[in-house]
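Report on the structure
Listed below are the residues making up each chain.
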Amino acid sequence: MRERLPVEVWVLVAASFIIAIGFGIVAPVLPVYAASFGVGHTAVAALISTFAFVRLAFAPMSGKLVNKFGEPHVYIVGILIVAAGTAMSGFSSSYPEMLGWRALAGIGSTMFTVAALGLLIRITPAPMRGRASGMWAAGFLVGNVCGPIVGAGLVPFGVWVPFVSYGVLLCIAAFVVWFFLRRSTLAALDRTNTDVPMTVREAFRHRAYRAALASGFANGWAVFGVRISLVPVFVIEALNHSAAVAGISMSVFAAGNAALLFLSGKIADTRGRKPVAVAGLIVSGLATIWMGFTGDMWTFMAASLVAGMGAGLLNPPQNAVVADVIGAKGKGGPVLAGFQMVTDLGAIIGPMCAGLLADSFGFEASFAITGASLLLAVGFWFVAPETLPTHEEEHTASSVAPECGCLDESAEIPTGERVGGKPRHPEA
């Protein structure tokens, strides 16, 4: 019988799509709105960085909240906090006020991100975690592609409209999660589980978790940092093309990413997490280095496509490994928060280092170092063990075996005389 993902996973995928559309609506107009207060480029960059810094700082608390109140509650409250912070940003009358609302949104963002990952781990059967992670990431990816298109149509109605629209979409996402998970026994917090939550120190002893941290940092540096901050500048200054072409190259990267997410998740669930993650890091690293040495737009587009495919290969097995380390019944809020923090740290440090390298040694050095960080993470994966659980290890009967006998015992043969045409079982 073919295995199917739980309905709750599809609810999270739908919510991630709605959230990503809203994020895509706001992202292009955020710097423009901040600049309207008469501040410089540094202040505009600080507004964007504040969101990431607050996510980084609040991640440990988010992990504790997940362990105490359960993923669904923290997820919904986090989304509503982001909705309030984002919507109010659209009505800011000064730069400091907008900075404060963005910081509030950052707190909510890390809450629902950590909660979503934790819930995805808990409700997905272990041999299907790669596919579930791929679906969840795909929801965000498709939403991010559609969002800017919608946002461009909303800007003529006022700069504040995209912010309010994002707030409304977040409220819709929160309602979707509440409505479909409110009676779910699978998503509900298990009050009978008295296991002590896994600590980051405990998880760090696992070589597989250390490998996930290394690739998460490098991926945050390359994908969430350098791709957004350096690629547009490279296309405009080095390749002498417009900002619109830079946007197309980023869409090409996203297309390559989306093309392999599903395949990567399926292979990670059948062949193993490790080989897919290693392949993703190597492809992504080499393609990133190639991007810095391209001299024409078509070659750069090809390199962007391959780099996106590498990122698509890496994402599902990387997330699945973190889930494997925690385990299906484990309480891993702090462990998930630690993984999220390292990824965010890469996204913060990456753009700054890439910018300094580009100014001092040129674009080639910047892309080369970024690609090298991805290739360096391969070493951590080579020494990490395979964590893919087998179906036998996750057998449901194992939890009731102490009460019912051995798993390989067969049913007793009914004995006794027939009563009413049916065999009568012996009295207990």
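Residues numbered from 1 in each chain as written. Predicted model: local features only at pLDDT ≥ 70, side-chain atom pairs only at ≥ 80, totals over all residues. Heavy atoms only, no water.

A few points about the packing of aromatic side chains
- Using the criterion set out here, one finds 10 aromatic pairs in the structure.
- Arranged with centres 5.7 Å apart and planes meeting at 25°, the rings of Phe 175 and Phe 179 form a pair that is stacked. Placement of both Phe 175 and Phe 179 in helix 7 (residues 160-181) is noted, with a separation of four residues, approximately one turn of the helix.
- The exposure class of Phe 175 is partly exposed, given its relative accessible area of 47%. (Phe/Tyr/Trp six-rings, centres within 6.5 Å; stacked < 30°, edge-to-face > 60°. Helix = DSSP H or I, 4+ residues; strand = E, 2+ residues; numbered from the N terminus. Buried < 20%, exposed > 50% of the residue type's maximum accessible area, 1.4 Å probe, protein only.)

Examining the packing of helix 12 (residues 273-292) against helix 15 (residues 363-382)
- Where helix 12 contacts helix 15, the axes come no closer than 7 Å and their chain directions differ by 165°. Between helix 12 and helix 15, the angle falls in the class roughly antiparallel. Where helix 12 crosses over helix 15, the two elements pack in a sense that is left-handed. Residues Lys 274, Ala 277, Val 278, Leu 281, Ile 282, Ser 284, Gly 285, Leu 286, Thr 288, Ile 289, Met 291 and Gly 292 of helix 12 lie in contact with helix 15, whose contacting residues are Glu 364, Phe 367, Ala 368, Thr 370, Gly 371, Ala 372, Leu 374, Leu 375, Ala 377, Val 378, Trp 381 and Phe 382.
- Classifying every residue of the contact of helix 12 with helix 15 gives 16 nonpolar, six polar and two charged. (Axes fitted to C-alpha atoms, helices over the stretch in contact; angles between N-to-C directions. Parallel < 35°, antiparallel > 145°, perpendicular 65-115°, else oblique. Left-handed = near helix turned anticlockwise from the far one by under 90°. Contact = heavy atoms within 4.5 Å. Nonpolar A, V, L, I, M, F, W, Y, C, P; charged D, E, K, R; others polar.)

A word on the environment of His 206
- Mapping His 206 onto the fold places it in the loop between helix 8 (200-204) and helix 9 (207-229).
- Residue His 206 is classed as partly exposed on the basis of its relative accessible area of 36%.
- Along the primary structure His 206 and Pro 385 are separated by 179 residues, whereas in three dimensions their C-alpha atoms are 8.8 Å apart.

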